[in-house]
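# Fold and contact review
So the chains spell out like this:
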Amino acid sequence: MKIYAVSDGPPSLAVRMALKALDIAHEHIPVDFGKGEHMTEDYAKMNPQKEIPVLDDNGFYLSESNAILQYLCDKYAPNSPLYPKDPKERAVVNQRLCFNLSFLYPQISAYVMAPIFFDYQRTPLGLKKLHIALGAFETYLSRTGTKFAAGDHLTIADFPLVTSVMCLEGIDFNTDKYPLVQAWYENFKQQYPELWAISAEGMAEIAEFEKNPPDLTGMDHPIHPIKKVAK
């Protein structure tokens with residue numbers, strides 16, 4: 001098994017944490033985002049979306065980090081509590097995965113990541129959207145009253161949510177308005193330090209890029225405007 005992943009991208013980090021948690025032997029193939037290795041035609045053969053990460057399970061290519069997380073559990077650990085079989089419990093896990101994918105991470109990505117890597121600015125509107133998303137997460141945690149995102153134990157839902165919130169810590173974003181989010185985040189770090197270490201490495205890179213943006217002038221991106229970096 002191979003996982004094509006970057007070292008600081010939240011979706012990549014979430015999958016790498018799952019692989020470690022499930023103790024699945026694999027080879028990590030680093031993808032150089034700055035060199036646009038994910039934009040090549042060879043990469044597109046694995047993932048036409050040209051996004052990261054991609055799983056190669058003996059010739060079975062799978063993109064979309066949520067789908068990868070679900071697949072790993074279904075195939076290699078079908079009885080793992082990381083992805084419970086009970087329909088309601090699994091539905092909550094799936095909801096949290098969808099919530100992060102469609103509601104929380106897009107706002108974090110737009111406010112934190114896009115201005116670091118591309119020619120975007122952090123705006124009051126982007127900040128408002130981010131607070132709305134964090135407020136929703138706070139509400140979910142309040143309603144369940146659980147230490148983890150989808151229940152009383154760790155599930156695959158926690159991995160992408162942790163790596164999303166990690167981006168905020170990477171730029172020293174103040175989350176004091178969301179004490180339950182803070183408590184959940186710190187609890188994950190304390191309970192699963194070996195998993196958090198994977199995310200912490202990515203966060204260190206984001207923190208450094210926040211101070212010194214990477215030079216992506218060699219990338220021809222079809223959508224995002226490339227930031228001119230002074231040399």
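Everything here concerns the structure above.
In short, a report on the structure. (Residues numbered from 1 in each chain as written. Predicted model: local features only at pLDDT ≥ 70, side-chain atom pairs only at ≥ 80, totals over all residues. Heavy atoms only, no water.)

### Quick look at the nonpolar core
Within soluble globular proteins, side chains that are nonpolar generally end up buried alongside one another. One finds L72, V112, F137, I156, F159 and W184 to be the most contacted residues of the largest nonpolar core, which totals 64 residues. Looking at this core, the elements with two or more residues in it are β1 (2–5), α1 (10–21), α3 (65–76), α4 (87–117), α5 (124–144), α6 (158–170), α7 (179–191) and α8 (193–211). Excluding anything up to four places from it in sequence, F137 contacts F99, L104, L161, V165, V181 and W184. Core analysis: the next-biggest nonpolar cluster, separate from the first, contains seven residues, Y4, V6, M46 and I52 among them. (Core = buried A, V, L, I, M, F, W, Y, C linked by side-chain atoms within 4.5 Å. Buried < 20%, exposed > 50% of the residue type's maximum accessible area, 1.4 Å probe, protein only. Helix = DSSP H or I, 4+ residues; strand = E, 2+ residues; numbered from the N terminus. Contact = heavy atoms within 4.5 Å.)

### Things to note about the sheet that holds β1
By definition, the strands of a sheet pair up through backbone hydrogen bonds, in either a parallel or an antiparallel sense. The mixed open sheet is built from four strands, whose spatial order is β2-β1-β3-β4. Strands with a single pairing partner mark the edges of an open sheet, and in this sheet they are β2 (27–30) and β4 (60–63). With direction set aside, neighbouring strand axes in the sheet form an average angle of 20°. Bridging between β1 and β2 involves four bridges; their strand directions are parallel. The residue bridging Y4 from the neighbouring strand is I29, located in β2. (Pairing = 2+ DSSP bridges. Axes fitted to C-alpha atoms, helices over the stretch in contact; angles between N-to-C directions.)

### Re the packing of α7 against α8
The axes of two packed helices give the description: the angle between them and the distance between them. Where α7 meets α8, the closest approach of the two axes is 6 Å, and the angle between their N-to-C directions is 115°. From α7, Y185, F188, K189, Q190 and Q191 reach across to α8, where they touch P193, L195, W196 and M203. Of the residues in the contact of α7 with α8, the class split is six nonpolar, two polar and one charged. (Nonpolar A, V, L, I, M, F, W, Y, C, P; charged D, E, K, R; others polar.)

### Comments concerning the layout of surface pockets
The calculated volume of the largest pocket comes to roughly 970 Å³. When contributions to the lining of the largest pocket are tallied by element, the ones reaching two or more residues are α1, α3, α4 and α6. Looking at which element gives the most residues to the lining of the largest pocket, the answer is α4, with nine residues. Residues of the lining of the largest pocket, tallied by class, amount to 19 nonpolar, 14 polar and four charged. (1 Å grid on protein atoms, 1.4 Å probe; cavity = no way out; pocket = protein on both sides within 12 Å on 5 of 7 lines; lining within 4 Å. Points joined across faces, edges and corners; volume = space filled by probe spheres on them.)

### Points about α5
Since there are 3.6 residues in each turn of an α-helix, residues three or four apart along the chain are aligned in direction. Compared with an ideal rise of 1.5 Å per residue, which puts 21 residues at 30 Å, α5 spans 31 Å between its outermost C-alpha atoms and is within 8% of the ideal. Along α5, the residues classified as buried are G126, L130, A133, L134, F137, E138 and L141. Each buried residue of α5 sits inside an arc of 145° when the element is viewed along its axis, so together they form one side. Away from its buried face by more than 90 degrees, α5 exposes P124, L125, K128 and R143. Contact partners of the buried residues in α5: α4, α6 and α7. Taken from the residues just after α5, G145 is the one with a positive phi, measuring 65°. (Expected span 1.5 Å × (residues − 1). Arc of directions from axis to C-beta.)

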